[in-house]
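Observations on the three-dimensional arrangement
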Amino acid sequence: MIVVHQTSDLSFFQMEKTIFCHIGSKLSVAHPLTITESEQKIKAMQQGTINIQTENIFPIIKKFLYSDTEIFLRELVSNAVDASQKLRTLSKTGEFNQEIKDLRVEVILDKDAKTITVRDNGIGMTADEVEKYINQIAFSGAKEFAEKYKDKDANAMIGAFGLGFYSAFMVSEKVRIQTLSYQDGAKAVEWESDGSPQFSMKEIEKNERGTDIILHIAEDSTEFLEEARLNEILSKYCKFLPIEIKFGTRKTFVEDPSGEKDENGNVKKIEKEIDNIINNTSPAWNKTPADLTEEDYKNFYNELYPFTEDPLFHIHLNVDYPFNLTGILYFPRLKNNMEVQKNKIQLYSNQVFITDNVENIVPDFLNLLHGVIDSPDIPLNVSRSYLQADSNVKKISNHINKKVADKLNQMFKDDREDFQSKWDDIEVFIQYGMLSDDKFYDRSEKFALLKNTKDEYFTFEEYKEKIKAAQTDKNDKLVCLYTHSADAHHALIENANDRGYDVLVMDSPLASHYIQKLEGKLNVSFARVDADTLDKLIQKDEEIPSKLSEKEQENLKPIFEGNVNKEKYVVQFESLSETEKPVQITQSEFMRRMKEQQALGGGGMHMMGSLPEMYNLVVNSNHPLISKILGEKNEEKQKDLTKQAIDLAMLSNGLLQGEELTKFINRSLELID
Ligand SMILES: Nc1ncnc2c1ncn2[C@@H]1O[C@H](COP(=O)(O)OP(=O)(O)OP(=O)(O)O)[C@@H](O)[C@H]1O
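Residues numbered from 1 in each chain as written. Predicted model: local features only at pLDDT ≥ 70, side-chain atom pairs only at ≥ 80, totals over all residues. Heavy atoms only, no water.

The name given to the protein chain in an unreviewed UniProt entry is Chaperone protein HtpG, with Parvicella tangerina as the source organism. Under Sequence similarities (unreviewed entry), UniProt gives the following word-for-word description of the protein chain: "Belongs to the heat shock protein 90 family." (UniProt positions renumbered as here; feature names shortened; annotations may be inferred.)

Printed below as a string of structure tokens:
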């Protein structure tokens, strides 16, 4: 046999410390060769060099290309799946007319030989195809990478190139390919390389059509010789690949074929070893919604996230134009706990798992959804920065945004009662979307709901209509009253209701930002019920004259000031109606909101979060108790009355605690004694 050193037009140069390469024209003209030509080539290609004239490129690949070496298995298994699907296509088009028995990919671990074999019975490769696809084309990825590396931008490029097959060298000291093409009269070939530029190729005996990729695992990668580790990788990346993937066997119990029965009359079960198929070849997202029941959707959710609570509802995505995308997105029960819900969407490309960290790829608020997105238009081997810049990815996120809004709108229109029953679980998501995405705001305006303290739900328009008559102030502005907790503000809410005012419940973690947004969009103002006295919150024209003169107020002020912490409370008199409480505690809407936003992060002013809590102590100059305090000659008694009035106000606002609360209880007992 003639042994040649192949000189081809694929060449790498080394310039100083930078490696880059160049591929000649041969690559771009790929002529299919006939079998006879292939045979001649095998004879001539016993050994060759993969055109690298410098040290080898694999250390670079190993170091820079993938942050996760484990993806070698995804690459090889998806190549094997591709080869199987290609054969199926050829059979459908009549180009391959032998019977295709079960197409199957097998991952075989041999711990003693320290090998992992990825076997398929797909199209296989002729010698020329190995030459073309493995020696040359697969190298184009390496070439591209090395060129970028030349620009010293390697870190940004990590993962931006799919080297596919060559990723095997990240974990192997030697890789062998044994392959037999589906083509009539094809000869089986073996290719072998140790990761250096040299490869060898020879004809071998192989009767089964398809390809074995045999990895001789390197010393530093022995973790991949553990069955559990391989299982973990396979179920992460290959769980939904479209061709059955076998990894070893597993034991199961089946009915005894002899039909022997146990004491209860049931056919006995016997242990049986069966093939361990690690994937579900037809996941729900690839089926049409008409073929799926609610139960199927729930089961699929459980397949994705075992042991989690059922989702609220789902959206089945199916787009062919201007890009291909399928998927199912689920609305989890958010329960105001946003962080734990993130990073649950799994991104696939043709059923191959890419990532479950879609942050910055889909809009932030969509990150709260769960489920699967599959698009062949998403490149498989890509870095995050690359994905973000990809125009398909951008279109995809816009599309999902629209679909989600459409679905919510549909649900609202179809069954409002049901929609309302889900509202408390989805409001954070919708508010998040409306805050972060103007398009989503516009789409959601029709179905976003406001809930009041009586558990009634309104759209924005409905609500404006409801409160218009009573809650328009003297400047013609609608004022929406709200509380963060109907329990904590019970007394204040009752007061407001007595006046014919409605009070909304705004208790989501995003409430203060959301309120601000609504004020801008709806031209209304929001005021928490404890932000001021009702007269001030919704100012009307009528002025109530004060029963106490200025002088009397001046005399009374130090008495109140002497009974509160002056650092925290500012005493002020207001001429309110007699039916209002004698003393009320309020906190400026502006200050409180700023502090809340500061605490949430984003918005608000920087120093607000660290400012102390400040309150107003509003004394109602028209209340009979205030006149009584003023007229009380016994100083001790006057002090007790003042303290009692202040404590009652604090109690309504949930501010009376600790020692002050104990003193209040004791004083109250003495008073009723
Ligand atoms: N198991 C296989 N059976 C048949 N052909 C294969 C097999 N594995 C690889 N090939 C051939 O080798 C080529 C190069 O494979 P490689 O994985 O490097 O790139 P790719 O699959 O084309 O792209 P990607 O970077 O997305 O993996 C494939 O396109 C295919 O033609």
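Things to note about the overall build of the protein chain
The helix and strand inventory of the protein chain stands at 20 helices and 24 strands. Within the protein chain, the proportion of its 673 residues that are buried is 50%. Of the contacts made within the protein chain by residues no fewer than 6 positions apart, 71% connect residues no fewer than 24 positions apart. For the protein chain, the computed accessible surface area is about 32,900 Å², with 47% contributed by carbon and sulfur atoms. (Helix = DSSP H or I, 4+ residues; strand = E, 2+ residues; numbered from the N terminus. Buried < 20%, exposed > 50% of the residue type's maximum accessible area, 1.4 Å probe, protein only. Contact = heavy atoms within 4.5 Å. Areas by Shrake-Rupley, 256 points an atom, 1.4 Å probe, with all protein chains shown as cover.)

Thoughts on the UniProt feature "binding site: ATP" (unreviewed entry) in the protein chain
Summarizing the sequence annotation, UniProt attributes the feature "binding site: ATP" (unreviewed entry) to E75, N79, D120, M125, S140, G141, T211 and R384 in the numbering used throughout. Mapped onto the elements, T211 comes out in strand 9 (residues 210-217). For T211, a relative accessible area of 5% corresponds to the buried category.

Concerning the sheet that holds strand 12 (residues 313-319)
Pairing is mixed across the open sheet formed by 5 strands, whose spatial order is 12-13-16-14-15. Only two strands of the sheet have a single partner each, and these edge strands are strand 12 and strand 15 (352-355). Ignoring which end each strand starts from, the neighbouring axes of this sheet average 20° apart. Bridging between strand 13 (residues 325-331) and strand 16 (residues 370-374) involves 5 bridges; their strand directions are antiparallel. If you follow L329 over to strand 16, its bridge partner there is G371. Lying over the sheet, helix 9 (residues 391-414) contacts strand 12, strand 13 and strand 16, oriented at roughly 135° with respect to strand 12. (Pairing = 2+ DSSP bridges. Axes fitted to C-alpha atoms, helices over the stretch in contact; angles between N-to-C directions.)

Let's talk about the side chain of N401
Structurally, the position occupied by N401 is in helix 9. Of the polar contacts made by the side chain of N401, one reaches the side chain of D437; its length is 2.6 Å. Apart from residues lying up to four places away in sequence, N401 is in contact with F365, L366, D437, F440 and R443. (Polar contact = N/O pair within 3.5 Å; in protein donor to acceptor, adjacent residues only side chain to side chain.)

Topic: the nonpolar core
It is characteristic of soluble globular proteins that their nonpolar side chains tend to be buried jointly. F72, L73, V77, F165, W191, L215 and F300 are the most contacted members of the largest nonpolar core, which has 63 residues in total. With 10 residues, helix 3 (residues 71-92) is the single largest residue contributor to this core. Summarising the domain contributions, this core has at least three residues from each of domain 2 (66-248) and domain 3 (286-418). Counting residues in each nonpolar core, the second largest holds 60 residues, with L369, I378, F412 and L522 among its members. (Core = buried A, V, L, I, M, F, W, Y, C linked by side-chain atoms within 4.5 Å. Domains from an automatic or database assignment.)

A look at the side chain of D437
Turning to its location among the elements, D437 is positioned in the loop between helix 10 (416-436) and helix 11 (438-444). Among buried Asp, Glu, Lys and Arg side chains, D437 stands out as unpaired, with R443 the closest opposite charge at 5.9 Å. Discounting residues that sit within four places of it in the chain, D437 has contacts with F365 and N401. (Lys, Arg positive; Asp, Glu negative; His and termini not counted. Salt bridge = Lys/Arg side-chain N within 4 Å of Asp/Glu carboxyl O.)

So, the pattern of salt bridges
Pairing between side chains of opposite charge can happen when their charged atoms approach one another. Applying the stated rule across the entire model yields 35 salt bridges. We note a salt bridge from R104 to E244, for which the minimum N-O separation is 2.9 Å. Linking R104 in strand 4 (residues 104-110) with E244 in strand 10 (residues 244-255), this pair joins segments that are 140 residues apart in sequence. Overall, the relative accessible area of 32% leaves E244 in the partly exposed class. One salt bridge connects E219 with K114, and the closest N-O pair in it is separated by 3.6 Å. With E219 in the loop between strand 9 and helix 6 (227-237) and K114 in the loop between strand 4 and strand 5 (115-120), this pair connects stretches of sequence that are 105 residues apart. Note on E219: relative accessible area 56%, which makes it exposed. Assessed through its relative accessible area of 36%, K114 is described here as partly exposed.

A short note on the environment of A113
Structurally, the position occupied by A113 is in the loop between strand 4 and strand 5. On the accessibility criterion, A113 (42% relative accessible area) is partly exposed. Placed 112 residues apart in sequence, A113 and L225 show a C-alpha to C-alpha distance of 9.9 Å.

As for the packing of helix 10 against helix 14 (residues 511-522)
Axis separation between helix 10 and helix 14 bottoms out at 10 Å; the angle between their running directions is 55°. In terms of their interaxial angle, helix 10 and helix 14 are classed as oblique. Along this stretch, helix 10 crosses helix 14, giving a crossing that reads as left-handed. Along the contact surface, helix 10 presents Q431, M434 and L435, while helix 14 presents H513, Y514 and K517. In terms of residue class, the contact of helix 10 with helix 14 is built from 3 nonpolar, 2 polar and 1 charged. (Parallel < 35°, antiparallel > 145°, perpendicular 65-115°, else oblique. Left-handed = near helix turned anticlockwise from the far one by under 90°. Nonpolar A, V, L, I, M, F, W, Y, C, P; charged D, E, K, R; others polar.)

Structural notes on the sheet that holds strand 23 (residues 583-586)
In spatial order, the strands read 22-24-23; together these 3 strands make up an open sheet with mixed pairing. Two strands in the sheet have a free side with no partner beyond their single neighbour: strand 22 (569-574) and strand 23. Shown here is a sheet whose adjacent strand axes are inclined to one another by a mean of 25°, direction ignored. Pairing between strand 22 and strand 24 (residues 615-620): 6 bridges, direction parallel. In the sheet register, Q572 faces strand 24, and the bridge partner there is V618.

Some words on the pairing of strand 23
Judged by which residues are buried, strand 23 turns out to be covered on both faces: V583 and I585 on one side and Q584 and T586 on the other are all buried. As judged from the 4 bridges shared by strand 23 and strand 24, these two strands associate in the antiparallel manner. Note that in strand 24 the partner of Q584 across the bridge is V618.

Quick word on the packing of aromatic side chains
All chains considered together, the criterion is met by 27 aromatic pairs. Judged by centre distance (5.1 Å) and plane angle (75°), the rings of F72 and F224 are edge-to-face. Taken together, the residues span a long stretch of sequence, with F72 in helix 3 and F224 in the loop between strand 9 and helix 6 at a distance of 152 residues. For F72, a relative accessible area of 0% translates into the label buried. The buried category is assigned to F224, whose relative accessible area is 1%. Here a set of aromatic residues connected by ring pairs shows up, and it is made of Y237, F240, W285, F300, Y348 and F353. Looking at K521, its charged tip hangs above the ring of Y441, at a distance of 4.7 Å from the centre. (Phe/Tyr/Trp six-rings, centres within 6.5 Å; stacked < 30°, edge-to-face > 60°. Lys NZ or Arg CZ within 6 Å of the ring centre and 35° of its normal.)

Looking at the packing of helix 18 (residues 624-631) against helix 19 (residues 635-652)
The packing of two helices is summarised by the inter-axis angle and the distance between the axes. Where helix 18 contacts helix 19, the two axes come as close as 9 Å, and the packing angle between them is 155°. With respect to their mutual orientation, helix 18 and helix 19 come out roughly antiparallel. For the pair helix 18 and helix 19, the crossing hand works out as left-handed. On helix 19, the residues touching L625, K628, I629 and L630 of helix 18 are Q638, L641, T642 and A645. Here the contact of helix 18 with helix 19 is built from residues that sort into 5 nonpolar, 2 polar and 1 charged.

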